[in-house]
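An overview of the molecular structure
Chain by chain, the residues:
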Amino acid sequence: MVQLAYENEDVALVGRFVERGYRTIPSLWVNGQALTPTQCAQARPNQTLLNFLRSIGLTGTKLGCGEGGCGACTVVISKRTNNKKLVHQSVNACLFPILAADGMHITTVEGIGSWKAGAQSSDQDNLHPIQRAMVDMHGSQCGFCTPGIIMAIYGLFASNTEDRLNIKHLEEHLDGNLCRCTGYRPIWDAARSLCDDQEEVGASGPCGVKCRECPERESCEMDCNVEEKKQEGGCRGGLCGGVVHSCTESKVMEFKQVVDETYGEWWKRPDESFPNELTSAQNEPLLVVDTSVHSGGTWFQPHTLEELLDLFREFAPQEGGLKLVVGNTEVGIETKFKHAVFPRLVRPMESVHTLYEVVETDTHFYVGACSSLSSLQSFCHKRMADKKSMKVAAPIHDMLRWFASTQIRNVACLGGNLATASPISDMNPMLAAMGATIVLASRPRSDGGIDRRTIPVKDFFLGYRTVDKKEIEVIERVEIPLAGKFEYIAPFKQARRREDDISIVTSGMKMKLRPEGSSWIIDDISIAFGGMAPKTVMASKTMEALAGKTFEDSSFTEARAVMQNEFRMPEDVPGGQAEYRLTLACSFLHKFYLHCVNELKKEVESSDVGSLPPVLVIDNEEESAVAGFLSAQKPSIGGTQSFPEPKVATGLEESHFAGDNDKVPKVSEAAKESTKMDSVGRPVTHASGPLHCTGEASYADDIPAPENLLHGSLILASKCHALLESIDITPALKIPGVFGVFTHQDIEKLGGDNRMGPILLDDVTFLPIGEKVDFVGQVLGIVVGLSQEIAEKGARAVNVQYSEEFEGNPIVSIEDAIKAESFWTDFRHEMKRGGDVNKILSQTEVDGKELVVVEGSIRSGGQEHFCEYACLFGDCTLLISLIPVAFIAPNTSDLEPNSTLAIPSESGTNLTIYASTQAPTKTQDFCARVTNTPAARVVVRMKRMGGGFGGKETRSVFSSVAAAVAAKISNRPVRLTLNRDTDMSITGGRHAFVTYYKAGAIVEDDGSVKLHALDVKLFNNGGAKFDLTGPVMDRALFHVDNCYNWPNFHSVGTPCKTSQPPHTAFRGFGGPQGMVITEHIMDHLAIKCDISGDKLRRDNMYTMQDCTPFGMRFGDGFTGKWNVPTIFDELFTKLDVPGRRAAAAEFNAKNKWKKRGVALTPTKFGIAFTAKYMNQGGALVHLYTDGTVLISHGGTEMGQGLHTKVCQVAAQAFGIPLDDVYVNDSSTDKVANTIPSAASMSTDLYGMATLDACKQILKRIQPIRDSLPPNAKLCEVAKKAFFERVDLSAHGFFAVDNNRCGYDWAKERPEGFPIDQPENSWKGHPFNYFTQGVAFAEVEIDVLTGDHKTIHADVVVDVGSSINPAIDIGQIEGAFIQGMGWSTIEEVVYSDDDHTWIRPRAKVFTTGPGTYKIPAFNDVPEKFNVSLMQNADNPFAVHSSKAVGEPPFFLGCSVFFAIKDAVTSARNKKGEYFEFRMPATSERIRMACNDEIASQCIAKESSGSFQPKGSF
Ligand SMILES: Cc1cc2nc3c(=O)[nH]c(=O)nc-3n(C[C@H](O)[C@H](O)[C@H](O)COP(=O)(O)OP(=O)(O)OC[C@H]3O[C@@H](n4cnc5c(N)ncnc54)[C@H](O)[C@@H]3O)c2cc1C
Ligand code: FES
Ligand code: FES
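Calculation rules
- Residues numbered from 1 in each chain as written.
- Chains lettered and ligands numbered in written order.
- Predicted model: local features only at pLDDT ≥ 70, side-chain atom pairs only at ≥ 80, totals over all residues.
- Heavy atoms only, no water.
- pLDDT = per-residue confidence, 0-100.
- Contact = heavy atoms within 4.5 Å.
- UniProt positions renumbered as here; feature names shortened; annotations may be inferred.
- Helix = DSSP H or I, 4+ residues; strand = E, 2+ residues; numbered from the N terminus.
- Buried < 20%, exposed > 50% of the residue type's maximum accessible area, 1.4 Å probe, protein only.
- Core = buried A, V, L, I, M, F, W, Y, C linked by side-chain atoms within 4.5 Å.
- Pairing = 2+ DSSP bridges.
- Axes fitted to C-alpha atoms, helices over the stretch in contact; angles between N-to-C directions.
- Polar contact = N/O pair within 3.5 Å; in protein donor to acceptor, adjacent residues only side chain to side chain.

**Some thoughts on the confidence of the model for the chain**
Residues of the chain with pLDDT of at least 70 account for 93%, and the chain-wide mean is 92. Predicted confidence is poor over residues 662-668, with pLDDT under 50, and the contacts of this stretch with residues over four places away or in other chains come to 13 contacts. Segment residues 867-894: pLDDT under 50, and 143 contacts once partners within four positions in sequence are set aside and those in other chains are kept.

What follows is the structure in structure tokens.
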């Protein structure tokens, strides 16, 4: 019997508190409406705003990470303050407690606009201007992040409704959202187009006139105008010379006009829509006691300080205590991820003024401990204008700019930062160094007054997360002393990513100087660090070494030596990065010294004190150390996009349907006339754009709960390399609300087949007892309950026992696997052409010419599909901190986590599965097998995914099957939306690679260098199960050559089996890992041969008629046009690459601590599934009698715009408007036996299959059309055809030509194979054609910290004749940024030999946004230009288009190679090659620079070859 009530003894308190004036039901307002008392009464303590909103059906607000790291859940809360001011703020609904919204107005994305609801007429919409801008500027792809981004922008405009937002403010504060699809540029454009001051963007010349508004623009030759025109491709936007140009500037100007004309003063709407009823701040206290089946809890909201302190006196000593909560950005994380239970929560109301005010006195800033960090930031911003306050206000402000995100700062408080005592808190070291003090308040006796105690911040931290605070005390305020004459303060922070990231090392430094004779003496110095110890620490010994010393370089050099001893950490220190952290600390000190020199100089120059000692002069080149991102203005991101004038090109269809052509009409000319426009070739917006932007787009987890719904949570193995001994489910079953627990035995009872796996059936649904646990996080079973919270609680309660029967350690890294020879040897493939490379590479000469040989190894890391992974610790706190690592558990999920709703029907004999998957048929197949249900009785439906990128190609199936098992057994619908940790533990990611190479090139008489022979041995880390590891390795082998001709070639790919979770498909599918190898080798050879890398690359590119090592010939009829050399030359000339290299060299010579680097990187990407059978696709097309068309095809929509393109193809075929064509969902009962949407092939397959179906229908209705007047519309034709009993539905099918796909690795050269045919071509033709492109990147690195920024990226891609240039440009930008992320900041770390501080071994550590970083808004290249190549066509795909999803991914690595170029410059050792591993994290950049500070901090290894410990 399920127990439904939770007994909360605090019910007994209600009467007492009601008597004191407490309310017991909160007042909640959402989207202009007051919620009913019944709804309000459902709000629970410990419930987030997001959970509450979704429970009342507002599913536009998404759960991306659940820990404040992605912004998908952003909503705006509005309230009246006590002085009647209306305040609107964006917040993360996944953390904000619903009860904290008491008396406030909540606006969700549904509340600001709708696509159709509320529109004036059927052909209009009701979009908010922000939504309109995002739709029109292609700001959404999968759309999962979109509502959150729109609400973040809405919140920024709402934060100041008097003045419309300006661009700088926008750029400063749009920092709390992540998007994995778009690459952000279009979102920046959309957001900027709404601002007040777009005209400020763009150059204005010395003449004072804005260039683009100047009537003389075409003839003016001033630099500003020339540069501007260059940026716009010589064009102001629009069609110019057969190319359509648009640029950020022209777009935002145009859109502003539209917005101004259409929407009036729309930014004032938040004020206007604020409910009149909420006339004043809610000041009546509140008590809510939860008695529901959930975890219960009690919420107090007192309205005076005395009440608050009384509550602490009464409840803090009791069992369960009393937890103060303000922003809940720490407490929320502890509750959700550490499963901390806080039975009583208290949140003081804002009427407790002393806790919320920020004021300045003559001597101090007084900061109320609960005032939001945003209010402190804005207070400091204002005080920065004042000379006296500036010295304190500026560093606080600068640090807060990079503290979390706007959404977090809007709610989080300083008291929370202090009380949490995170060792990597950003504010605590600052406050400690500044000499701030904390005022603690308590009321030990009910009849007494308030006791106050003051303690210096530096003494507040007693140990790891322990502070000097009694349980009845509350931090009332922080007092920060102002700084005096010759006193300087500076903040320092280095994180993995600049924006919204917790520090690796953070510091505050303060110094007071005094003049003495002819010198400046260090009168006082205070240095505090975070990230260097288990708590915030003062650098006491270093301070001692500096105090009283002369203010000069040598004092600091000596102090650095002291610091190196003071903070040297053991190699296995928790958090790792021992050498980097020490280097950072010392580098910060050097920066601080130079900062103070500059500040002193300024102060002395403006001082009225008589004679002062001279100020030190620092070398010009040292100056570059001073500037850092902390105080620098955030960049304006913009760029140009250009594509050839749209046209309806004819491609494969011409030859494919040849023979039919004379019989089948291409389109109805009359109907086409009525549409006025062709559909194919147009840059139309994503078909679901308006739905994405209004939150009305439905994802798997948004499907309304069916009756009797149960929620699931997986039981996961907590260790590996052990036997699963027993699973005791009884503790879970005892939890109220748990309905059932299902394991392997239940599958047996069903008669199902437990085995899983896309190629080898080497995996299982639920691990049987007695079998070996292969990886941490392996699925052992599923718990289902009345809510997700309950199911999760149940899963945690299941008692799992393991027995340690295996010797040795789990194999984790590729090196471990090589040592243990843990390989899938059956799938080791080899490719050979030309002579014996071993022999060749042992020579020193070839035909009398020098053979230069290089040898080495290359590593590229893994990658998580999305990365909105929740970290256990809010500040992720602990990441690098020196914490008991046993507490760390992984928490992860995709932006849209894997989600399934399984609904049984007909007595459990049928199953309908709504899954977020790229592979409906695979999902159907395994759900059927495992539940022992005929496939014909299992229907899998998929509307859209919130991103896929390969992560939902095979690994999504596991969770769908688990839900299906539970649904079938319980005969009730089951929803399983994976929690962060679960998702990460099952889904794996991109394969890491290690490659050993030897390569040789011949130096020709003219000095040019010709590639001669390559020998590479590739190993990839497949994890514990095969999944797609073999095919990923195959694609890597097919891409090792990249664009270069190696006459002698030998490669071997060995898939490695380890104890990591099974790795799987990820955009590029091994291709990028292959291409990276060659690009490294090209750099190595260029250095060894002392020639330019650009020249080496260009001289050795394939030319027409050359062949790849796998036997594909470049040229018409074979692979089609070979365009890479042309694009390379065009970019080389257009961008003046030599000039830019020279400018970078000049910059580098002038700046010791900042270096620039440049790269020009080409790519060719093979299009086709390498498994031949997969190159097929079907489509079902229905023509209805109103002339509209419904398509179902085998592909799935994950944001890539597949449905939009397929609709364009069908609309073109029927000659009807695009709006008349619709794709609903992907469903296995409409199109069966589909292959996963992958390999970038979907438009090629389903475009053609749809065309096939359209042609069949057109052929059938042709006689009817002939019988009607020539101008008859399609609806008239269709109606008549229906009455004449003509079938208006057709199933279309397409398979890639038999000779243009498939490759048999094992096939030996057949007898008599023609001698003139390329070597290896007898094995097959693995690709239909190549998508090609080149990228230029220019970066700047900060040598002292390892920070980098991308100044410029220019990308040109040959995508044939684009069906939709806007979608293709979106794919290119998104792929570029994802590739840039993979190769720079995204680093996956496992517990292995290099990371023994993570436990247990083999567990993945990077499971949260705090540890795993994808690029954010601020990481986009400042200038980001993308062009589609002109005059490109492709006879091998529909409408002459080319696949685009994956190919541009590798181009993002141009940023990596540019960073490498910059690091090379910093090392400044001519002729030296160094192995620079991928990704180029700040740690790798910093340590590779190998300057004197870094080398002093490296303990044992020789500093030149030191490799920070990445994980591969
Ligand atoms: C996504 C994300 C990013 C973050 N980024 C950063 C970052 O860049 N830098 C950084 O330093 N931190 C960061 N944090 C950590 C966190 O935001 C801060 O520690 C914040 O200051 C906590 O404030 P809060 O109001 O949310 O605390 P809450 O979660 O409400 O409370 C935290 C703790 O403080 C106690 N507390 C709060 N106020 C008082 C008081 N007045 N008296 C006594 N105890 C009190 C609470 O009882 C609780 O134990 C991040 C967190 C998240 C979720
Ligand atoms: S920030 Fe709330 S879901 Fe990611
Ligand atoms: S559109 Fe942003 S995550 Fe997909």
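**With respect to the UniProt feature "binding site: substrate" (unreviewed entry) in the chain**
UniProt annotation of "binding site: substrate" (unreviewed entry) refers to Glu953, Arg1035, Phe1069 and Thr1170 when read in the numbering used here. For Glu953, the position within the fold is in the loop between β37 (938-942) and α32 (956-970). For Glu953, a relative accessible area of 5% corresponds to the buried category. Dropping the residues within four chain positions of it, Glu953 is found in contact with Gln918, Ala919, Lys922, Leu1028, Ala1065, Pro1236 and Ala1238. On the secondary structure map, Arg1035 appears in helix α34 (residues 1029-1039). Judged by its relative accessible area of 2%, Arg1035 falls in the buried class. When residues no more than four places from it in sequence are discounted, the contact partners of Arg1035 are Gly1068, Phe1069, Gly1070, Gly1071, Phe1165, Gly1166, Ala1168, Phe1169, Thr1170 and Phe1327.

**Looking at the nonpolar core**
Counting 372 residues, the largest nonpolar core has Ile396, Phe529 and Phe551 as the members making the most contacts within it. With 33 residues, the next largest nonpolar core counts Ile913, Ala928, Ala964 and Val965 among its residues.

**Quick notes on the sheet that holds strand β49 (residues 1348-1358)**
In spatial order, the strands read β6-β7-β23-β50-β49-β48-β42; together these seven strands make up an open sheet with mixed pairing. The sheet is open, and its two edges are formed by β6 (238-240) and β42 (1154-1167), each paired on a single side. Taking the axes of each pair of neighbouring strands and ignoring which way they run, one obtains an average angle of 15° across the sheet. Across 14 bridges, the pairing between β42 and strand β48 (residues 1329-1342) is antiparallel. Within the sheet, the bridge partner assigned to Lys1164 lies in β48 and is Gln1332. Sheet strands touched by helix α37 (residues 1124-1134): β42, β48 and β49. Its angle to β48, the strand with the most contacts, is close to 30°.

**Side note on the sheet that holds strand β24 (residues 710-716)**
A sheet is described by the order of its strands in space; here eight strands give the open sequence β26-β30-β24-β38-β35-β36-β37-β46, paired in mixed fashion. Strand pairing shows two members of the sheet lacking a second neighbour, β26 (738-743) and β46 (1226-1227), which therefore form its edges.

**Notes on the UniProt feature "active site" (unreviewed entry) in the chain**
UniProt's feature table lists "active site" (unreviewed entry) at Glu1446, given in the numbering used throughout. In this fold, Glu1446 is placed in the loop between β50 (1423-1428) and α43 (1453-1467). In this structure, Glu1446 is in contact with Arg1067, Gly1068, Phe1069, Phe1165, Ala1239 and Ser1240, ignoring residues within four places of it in sequence. A distance of 2.8 Å separates a polar atom in the side chain of Glu1446 from a polar atom in the side chain of Ser1240.

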